[in-house]
Amino acid sequence: MTYPEAIIIAIVEGITEFLPISSTGHMIITEKLLGLESTEFIKAFTVNIQFGAILSVVVMYFKRFFQSFDFYLKLLVACIPLIIAFLLEKFIDQMLESVLIVAIALFAGGIILIFVDKWFKNQEGANKALSNKNAFLIGLFQIISVIPGISRSAATIIGGMTQGLNRKQAAEFSFFLAVPTMLAASGYKLLSNYKTLFFNTDQRLNTHNISLLLVGNLVAFVVAMAAIKFLIAFLTKHGFKFFGYYRIGLGLLLIILLLSGIDLKIS
């Protein structure tokens with residue numbers, strides 16, 4: 001991987017991590033367009049540049065992370081369903097290599113987003129306090145996002161709205177929940193691949209690879225901050241329809257390319 005390739009992937013991560021359009025799906029597509037081989041290091045890179053995106057949430061909502069113990073309790077409760085994701089690790093890894101799954105998930109999720117505003121239109125004036133039960137149910141929605149193309153952000157925001165939160169509240173809780181979720185995913189990926197990353201002569205974390213990770217995290221941090229500000233402002237004013245149409249268009253494009261015989265398989 002070169003520095004320009006790392007920067008491009010980090011920009012895609014920063015833009016898409018918190019928007020309801022699937023960061024994983026977009027990075028899979030980006031890797032394919034860049035012609036990158038799906039090595040263990042590149043897999044680790046795409047997961048671990050999420051640290052930069054995580055840091056953007058902590059910096060932007062610094063005070064919220066020190067307001068009360070109850071804040072952390074709700075995040076902990078919402079993370080309990082992640083146990084299911086760890087049990088499905090091998091199945092998830094197989095799905096991550098399928099552009100068809102990404103395309104179908106993008107398309108189906110887009111249709112849902114078009115109707116979300118109508119389904120929850122009576123909640124926009126609400127300012128509901130989140131209970132532990134609400135937090136756990138939002139965590140269950142997050143499990144759906146293990147399917148590449150679904151979008152963790154979309155799943156948890158919609159999950160929050162099913163629990164009575166307005167768009168802004170749901171989006172912000174989705175941001176907060178991303179911190180422990182992505183920390184766990186990144187840390188687990190490093191631990192499960194430490195032999196390859198530290199001892200494999202071709203893919204180990206040498207000086208070049210470490211510098212790629214640093215650059216990737218820095219770019220993801222800066223871009224993610226801008227994306228968060230954009231999403232809150234855009235959702236509050238316009239809702240989800242734009243993202244729904246975008247997902248449908250991208251999903252259809254990928255399906256057409258696949259049906260045309262164009263090789264989109266992740267190598």
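The structure contained in this document is the topic of the report that follows. (Residues numbered from 1 in each chain as written. Predicted model: local features only at pLDDT ≥ 70, side-chain atom pairs only at ≥ 80, totals over all residues. Heavy atoms only, no water.)

### Here's the deal with the overall build of the chain
Logical step 1: Across its full length, the chain holds 14 helices and 0 strands.
Logical step 2: The helix and strand sequence of the chain, counted from the amino end, reads α-α-α-α-α-α-α-α-α-α-α-α-α-α.
Logical step 3: Burial statistics for the chain: of 267 residues in total, 53% are counted as buried.
Logical step 4: Residue pairs in contact within the chain that sit at least 24 positions apart in sequence constitute 82% of those at least 6 positions apart.
Logical step 5: Looking at the chain as shown, the accessible area adds up to about 12800 Å², and 70% of this sits on carbon and sulfur atoms. (Helix = DSSP H or I, 4+ residues; strand = E, 2+ residues; numbered from the N terminus. Buried < 20%, exposed > 50% of the residue type's maximum accessible area, 1.4 Å probe, protein only. Contact = heavy atoms within 4.5 Å. Areas by Shrake-Rupley, 256 points an atom, 1.4 Å probe, with all protein chains shown as cover.)

### Re the pattern of salt bridges
Logical step 1: A full pass over the atoms with the stated rule returns 3 salt bridges.
Logical step 2: Here Glu172 ties to Arg64 by a salt bridge, and the two come within 3.5 Å at their closest N and O atoms. Separated by 108 residues along the polypeptide, Glu172 in helix α11 (residues 167-192) and Arg64 in the loop between α4 (50-60) and α5 (69-79) bring together distant segments of the chain.
Logical step 3: A residue is classified by how much of its surface remains accessible, and Glu172, at 11% relative accessible area, is buried. (Salt bridge = Lys/Arg side-chain N within 4 Å of Asp/Glu carboxyl O.)

### Focus on the nonpolar core
Logical step 1: In this structure, Phe18, Val57, Tyr61, Ile157, Phe173, Phe175 and Phe243 are the most contacted members of the largest nonpolar core, which totals 41 residues.
Logical step 2: For this core, the secondary-structure elements that each account for two or more residues are α4, α5, α8 (99-119), α9 (132-144), α10 (152-162), α11 and α13 (207-238).
Logical step 3: Sorting elements by how many residues they give to this core places α11 first, with 9 residues.
Logical step 4: The residues contacting Phe175, other than those within four sequence positions of it, are Phe18, Val57, Tyr61, Ile228, Leu231 and Ile232.
Logical step 5: Counting residues in hydrophobic clusters, the runner-up holds 14 residues, among them Ala6, Val12, Ile42 and Leu212. (Core = buried A, V, L, I, M, F, W, Y, C linked by side-chain atoms within 4.5 Å.)

### What to know about the side chain of Glu31
Logical step 1: Positionally, Glu31 belongs in helix α2 (residues 23-34).
Logical step 2: A relative accessible area of 9% places Glu31 in the buried class.
Logical step 3: Setting aside chain neighbours within four positions, we find Glu31 in contact with Ile9, Leu36, Ile42 and Thr46.

### Considering the side chain of Thr30
Logical step 1: Mapped onto the elements of the fold, Thr30 is located in helix α2.
Logical step 2: Polar contacts involving the side chain of Thr30 include one to the main-chain carbonyl oxygen of His26, which spans 2.7 Å.
Logical step 3: Apart from the residues lying within four places of it in its own chain, the contact partners of Thr30 are Ile8, Ile9 and Val12. (Polar contact = N/O pair within 3.5 Å; in protein donor to acceptor, adjacent residues only side chain to side chain.)

### A few points about α13
Logical step 1: With 32 residues, α13 should reach 46 Å at 1.5 Å per residue; the first-to-last C-alpha distance of 45 Å fits that figure.
Logical step 2: Note on α13: the residue one or two positions beyond its end, Gly239, has a positive phi of about 80°. (Expected span 1.5 Å × (residues − 1).)

### Notes on unusual backbone geometry
Logical step 1: The phi dihedral of Ser22 is positive, around 80°, even though this residue is not glycine.
Logical step 2: Locating Ser22 in the fold gives a position in the loop between α1 (3-16) and α2.
Logical step 3: Unlike most non-glycine residues, Ser151 shows phi in positive territory, near 90°.
Logical step 4: Structurally, Ser151 can be placed in the loop between α9 and α10.

### Points about the packing of α5 against α9
Logical step 1: The contact between α5 and α9 brings their axes to 7 Å, and the two run at 40°. With respect to α9, the element α5 is oriented oblique. Seen along the crossing, α5 lies across α9 with a hand that is right-handed. Each of Leu73, Lys74, Val77 and Ala78 in α5 lies in contact with α9, whose residues at this interface are Asn132, Ala135, Phe136, Gly139 and Gln142.
Logical step 2: Partitioning the contact of α5 with α9 into residue classes produces 5 nonpolar, 3 polar and 1 charged. (Axes fitted to C-alpha atoms, helices over the stretch in contact; angles between N-to-C directions. Parallel < 35°, antiparallel > 145°, perpendicular 65-115°, else oblique. Left-handed = near helix turned anticlockwise from the far one by under 90°. Nonpolar A, V, L, I, M, F, W, Y, C, P; charged D, E, K, R; others polar.)

Interpretation in functional terms is not warranted from these geometric data alone.
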